[in-house]
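For reference, the chains in residue letters:
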Amino acid sequence: MSTHFSTTCRLMCLLPVMVLTASAGLSVAQGRIKVMILTGQCNQYHNWALSSAAVKSMLDQTGKFDVTVVTSPAKGQDMSAFKPTFAGYGAVVMDYEGDDWPEPTRQAFVQYVRGGGGLVLLHAADNSFPKWPEFLEMSGVGGWEERDESWGPKVRWRDGKMILDTTTPGNAMHPAKHDFLVVSRAPEHPIMKGLPAEWLHASDELYSQLRGPAKNLQVLATASADKAKGGTGENEPMFMTIQYGKGRVFHNTLGHAGPKDVAPLPSLSSVGYIVSIQRGVEWAATGSVTQKVPADFPTATQTSLRK
C-alpha cells in the first residue's frame, strides 16, 4: 500500500467520526437555551458587575444555557445607540437599574415579552423605570423611586392567600441584612416543585412594601419580615410570577450585592438563591423545569452556601 493511499484512507476513515463529533457538539449547542443577561447600570446601593457575574456563573454551571451578557453604556452616557436584539433568546435576565432606554429599545422589549419571551427580574431591577407603564406591569411590583400608593397595591400573604392591599400607605423598605426563612406558597409550580416547604436563606435584604399594578401575579414564596429586626411584620413576597401577554416573568427579590461587597457573598452564594435563579430562568424560557433539587439545598434550620 502506498503512503499516499494509506494517508488518504486514514483521513477518509476519520472523516465520519469528525462529522459525528461536530454534529454532536452542534446538537448540544442548539439544545441549550439562549439567555441574555442585560446589565450595566445600578444605583449607589448596588453592584451590577458582581451580581451579573455571579448569575452568569450560576447559569453556566447547569450546562443548560447559552449565556450572552449585554452591557449598557455607563450611567449618564449617551443611550441612543443601546438597542439590543431580543429576538432569538429564550429569556432575558434583567440586572439593570439605571437610565431610561431609547424608545425603540422599549418597544422592542415590550414586543419581545408580550410575544412570548421569558423575563427574569433580579433584586435591584424592580427599582427600575418607575414611569414606564408596560414595565410596571411586567414587574408586577417594585420599590423606591418615589413609588407610593398611587403606583398600586402592596402584595400581602394573609390567611393562606394573596391579598392586594390598596389602602395602606407606605413606601418600599427593608430591614438590615440577616438570615431569614423563605416559605413556599405554590409548591406545585414548576419552579417550586420538590423544594422544601421552608428553607433558610443567608444574609440578605428582605424587600418589603413593594407596590405596583400586580396584574396577573402569582406569589410563589414569601418571607416574614420580623418586627424585632425592623421589618413590617408581614409575609412579604420573595418570588413571584407575572403573565404579560404570552410572556412569562419570574420576579426574584433576593440577591443583594452592595457597592463595596466582594465575592463570595452569602446572598449570592446561598444554594436556595442559586437554584431559584437556575430554575426560574428555565421556566421563564420554556414553561417547565427539568432540573433536580440538589442535595446541598438548605433546610429550615441551616443555610447552605457554595463557593
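## Looking at the environment of R32
Thinking step 1. Among the secondary structure elements, R32 is positioned in the loop between α1 (3-31) and β1 (33-39).
Thinking step 2. Every residue in contact with R32, bar those within four places of it in the chain, is listed here: G63, K64, F65 and D66.
Thinking step 3. A polar atom in the side chain of R32 sits 3.5 Å from the backbone oxygen of G63.

## Regarding the packing of helix α2 (residues 48-62) against helix α6 (residues 271-286)
Thinking step 1. Where α2 meets α6, the axes come as close as 10 Å, and the angle between the chain directions of the two elements is 65°. The angle between α2 and α6 falls in the class roughly perpendicular. Remark: the crossing between α2 and α6 carries right-handed chirality. Contacts between α2 and α6 involve V55, M58, L59, Q61 and T62 on the former and, on the latter, Y273, I274, I277, Q278 and V281.
Thinking step 2. Across the contact of α2 with α6, the residue classes tally to 7 nonpolar, 3 polar and no charged.

## Some points on the pattern of salt bridges
Thinking step 1. By the definition in use, this model includes 11 salt bridges.
Thinking step 2. Among the salt bridges present, the one from K56 reaches D60, with a minimum N-O distance of 2.7 Å. One end of the pair is K56 and the other is D60, both in helix α2 and 4 residues apart, which spans about a single turn.
Thinking step 3. One salt bridge connects R106 with D100, and the closest N-O pair in it is separated by 3.3 Å.
Thinking step 4. The class for D100 is partly exposed, based on a relative accessible area of 47%.

## Thoughts on the packing of aromatic side chains
Thinking step 1. Enumeration over the complete set of coordinates arrives at 16 aromatic pairs.
Thinking step 2. Ring geometry for W101 versus F129: centroids 4.9 Å apart, planes at 70°, classification edge-to-face. With a gap of 28 residues between them, W101 in the loop between β3 (91-95) and α3 (103-114) and F129 in the loop between β4 (118-122) and α4 (133-139) connect regions that are remote in the sequence. Summarising the burial analysis for this pair, W101 and F129 share the class buried.
Thinking step 3. Each residue in the set F82, F86, Y96, W101, F109, Y112, F129, W132 and F135 is aromatic and connected to the rest through ring pairs, giving one cluster.
Thinking step 4. Positioned over the ring face of Y89 is K34, at 4.7 Å from the centre of the ring.
Thinking step 5. R106 extends its terminal NZ or CZ atom over the ring of W132, reaching a point 4.8 Å from the ring centre.

## Some points on the sheet that holds strand β9 (residues 217-224)
The strands making up a sheet associate through hydrogen bonds between their backbones, and the pairing can be parallel or antiparallel.
Thinking step 1. With respect to topology, 9 strands assemble into an open sheet ordered β2-β1-β3-β4-β11-β10-β9-β7-β8, the strand pairing being mixed. Single-partner strands in this sheet number two, and they are β2 (65-71) and β8 (198-204). Neighbour to neighbour, the strand axes of the sheet diverge by 20° on average, direction disregarded.
Thinking step 2. Where β3 meets β4, 4 bridges bridge the pair, whose relative direction is parallel. Within the sheet, the bridge partner assigned to V92 lies in β4 and is L119.
Thinking step 3. Contacts from α6 reach β1, β2, β3, β4, β8, β10 (235-244) and β11 (247-252), with the element oriented near 170° to β11.

The rules behind the values
Residues numbered from 1 in each chain as written. Predicted model: local features only at pLDDT ≥ 70, side-chain atom pairs only at ≥ 80, totals over all residues. Heavy atoms only, no water. Helix = DSSP H or I, 4+ residues; strand = E, 2+ residues; numbered from the N terminus. Contact = heavy atoms within 4.5 Å. Polar contact = N/O pair within 3.5 Å; in protein donor to acceptor, adjacent residues only side chain to side chain. Axes fitted to C-alpha atoms, helices over the stretch in contact; angles between N-to-C directions. Parallel < 35°, antiparallel > 145°, perpendicular 65-115°, else oblique. Left-handed = near helix turned anticlockwise from the far one by under 90°. Nonpolar A, V, L, I, M, F, W, Y, C, P; charged D, E, K, R; others polar. Salt bridge = Lys/Arg side-chain N within 4 Å of Asp/Glu carboxyl O. Buried < 20%, exposed > 50% of the residue type's maximum accessible area, 1.4 Å probe, protein only. Phe/Tyr/Trp six-rings, centres within 6.5 Å; stacked < 30°, edge-to-face > 60°. Lys NZ or Arg CZ within 6 Å of the ring centre and 35° of its normal. Pairing = 2+ DSSP bridges.

This is a description of form; function is not addressed.
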